[in-house]
Amino acid sequence: MTVVPQAGFGASFLLSDGDLVFTAAGVEPVQGLSNLTQALTLRLLTPYGTDRVNATYGLDAREAFSGNHDRTILKELIRLEVLRTLSGDPRVREVTGVLFDDDPDFPAAAAAATQEDHGGRLWRVLVTVETTDDTAAVVLADVER
C-alpha cells in the first residue's frame, strides 16, 4: 500500500495503545492531520531523554513532580513543559491552549474519560496547537511522572 503524506504532516503507521494496528491488508497507515496528532501525543507520552535517537525528545515532568510544589505551581510547570515539548515539532507554529482536566473550561466529553488520580500525580491535558499551515490540531493525553 502506498501512503502519500497530506498537507505536509507526513505519514506513519497507526498506533492504538502503543501497538501497531493491523488490517487484512497489513499495517494500517495514518497520514495528514491524524499523523500529526498521533506524533504530538507520542511526544507527550515519551519520557524526556528516553528516545535513543533524539535525547531531547519527550516530556520532562520529573522536575515538576520532584519539587514540593503546590497544585497551582505544579500545573504551571507542566504547562510550560508541554509548551516546550510540542513546540519542538517543526509542524507546530504555536501551542494555543493547554487545559487540565480540573480546569473549568475542560470539555465535558474529554472529562468523562478522565481518571481521577491527581493524588497519584496524573492529569489529563487537552492541548490545542496551530500548525504551520494554519490548521488547528487537538491532542488529548495523560501526563504523569
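Keep in mind it's a predicted model, so treat the numbers as computed, not measured.

Q: So what about a nonpolar patch on the surface? Which residues, and what values?
A: Taken together, the side chains of Phe 13, Leu 20 and Phe 22 make up a nonpolar region of the molecular surface, amounting to roughly 340 Å² of accessible area. For Phe 13, a relative accessible area of 48% corresponds to the partly exposed category.

Q: Break down the pairing of strand 8 (residues 122-131) for me, with residues and values.
A: Of all the ten residues making up strand 8, eight are buried; the element is thus mostly covered by neighbouring parts of the structure. Pairing of strand 7 (residues 92-100) with strand 8, which is carried by seven bridges, proceeds in the antiparallel orientation. Directly across from Val 98, in strand 8, lies its bridge partner Val 127. Looking at chain direction, strand 8 and strand 9 (residues 136-144) are connected through nine bridges and run antiparallel. Considered in strand 9, the bridge of Val 127 is made with Val 139. What sits between strand 8 and strand 9 in their antiparallel hairpin is a turn of four residues, with Asp 134 showing a positive phi close to 65°.

Q: Tell me about the packing of aromatic side chains, and name the residues and values.
A: Using the criterion set out here, one finds one aromatic pair in the structure. Judged by centre distance (5.8 Å) and plane angle (70°), the ring pair of Phe 100 and Trp 123 falls under edge-to-face. Residue Phe 100 is found in strand 7, and its partner Trp 123 is found in strand 8; the two are separated by 23 residues along the sequence. A single burial state applies to Phe 100 and to Trp 123, both of which are buried.

Q: Break down helix 3 (residues 71-87) for me, citing the residues and quoting the values.
A: Because the α-helix completes a turn every 3.6 residues, residues three or four places apart line up on one side. For helix 3, with 17 residues, the first-to-last C-alpha span of 24 Å sits near the 24 Å given by 1.5 Å per residue. Considered for burial, the residues of helix 3 that qualify are Leu 74, Lys 75, Ile 78, Arg 79, Glu 81, Val 82, Thr 85 and Leu 86. Buried-residue contacts for helix 3 involve helix 1 (32-45), helix 2 (62-66), strand 7, strand 8 and strand 9. Its side-chain oxygen 3.2 Å from the backbone nitrogen of Thr 72, Asp 70 forms the N-cap of helix 3.

Q: Please provide a residue-by-residue account of the packing of helix 1 against helix 3, values included.
A: In a packed pair of helices, the relevant descriptors are the angle between the two axes and the axis-to-axis distance. With their axes 10 Å apart at the nearest point, helix 1 and helix 3 run at an angle of 130° to one another. Regarding the angle of helix 1 to helix 3, the classification is oblique. For the pair helix 1 and helix 3, the sense of crossing is right-handed. The segment helix 1 lies against helix 3, with Leu 40, Arg 43 and Leu 44 engaging Val 82, Thr 85 and Leu 86.

Q: Give me the lowdown on the environment of Gln 38, citing residues and values where you can.
A: Within the element layout of this structure, Gln 38 appears in helix 1. A relative accessible area of 12% means that Gln 38 is categorised as buried. Along the primary structure Gln 38 and Leu 14 are separated by 24 residues, whereas in three dimensions their C-alpha atoms are 8.0 Å apart. Beyond its immediate chain neighbours, meaning those up to four positions away, Gln 38 contacts Ser 12, Phe 13, Leu 14, Leu 15 and Val 30.

Q: Give me the nonpolar core: which residues, what numbers.
A: Counting 24 residues, the largest nonpolar core has Leu 44, Ile 78, Val 82, Leu 86, Val 127 and Val 129 as the members making the most contacts within it. When residues of this core are traced back to their parent elements, those giving at least two are helix 1, helix 2, helix 3, strand 7, strand 8 and strand 9. Excluding residues that lie within four positions of it along the chain, Val 129 makes contacts with Leu 40, Leu 86, Val 92, Glu 94, Val 95, Thr 96, Thr 135, Ala 136 and Ala 137.

Q: So, the sheet that holds strand 9: which residues are in play, and what are the values?
A: Reading across from one edge, 7-8-9 is the order of the three strands in this open sheet, with antiparallel pairing throughout. Whereas interior strands pair on both sides, the edge strands pair on one side only; in this sheet they are strand 7 and strand 9. Pairs of neighbouring strands in the sheet enclose a mean axial angle of 25°, with direction left out of account. Running over the sheet, helix 1 touches strand 7, strand 8 and strand 9 and is turned about 25° from strand 9. Sheet strands in contact with helix 3 are strand 7, strand 8 and strand 9, and its direction is about 155° off that of strand 7.

Calculation criteria
- Residues numbered from 1 in each chain as written.
- Predicted model: local features only at pLDDT ≥ 70, side-chain atom pairs only at ≥ 80, totals over all residues.
- Heavy atoms only, no water.
- Patch = residues over 30% accessible without salt bridge, like charges linked within 9 Å, V, L, I, M, F, W, Y side chains within 5 Å.
- Areas by Shrake-Rupley, 256 points an atom, 1.4 Å probe, with all protein chains shown as cover.
- Salt bridge = Lys/Arg side-chain N within 4 Å of Asp/Glu carboxyl O.
- Buried < 20%, exposed > 50% of the residue type's maximum accessible area, 1.4 Å probe, protein only.
- Helix = DSSP H or I, 4+ residues; strand = E, 2+ residues; numbered from the N terminus.
- Pairing = 2+ DSSP bridges.
- Phe/Tyr/Trp six-rings, centres within 6.5 Å; stacked < 30°, edge-to-face > 60°.
- Expected span 1.5 Å × (residues − 1).
- Contact = heavy atoms within 4.5 Å.
- Polar contact = N/O pair within 3.5 Å; in protein donor to acceptor, adjacent residues only side chain to side chain.
- Axes fitted to C-alpha atoms, helices over the stretch in contact; angles between N-to-C directions.
- Parallel < 35°, antiparallel > 145°, perpendicular 65-115°, else oblique.
- Left-handed = near helix turned anticlockwise from the far one by under 90°.
- Core = buried A, V, L, I, M, F, W, Y, C linked by side-chain atoms within 4.5 Å.

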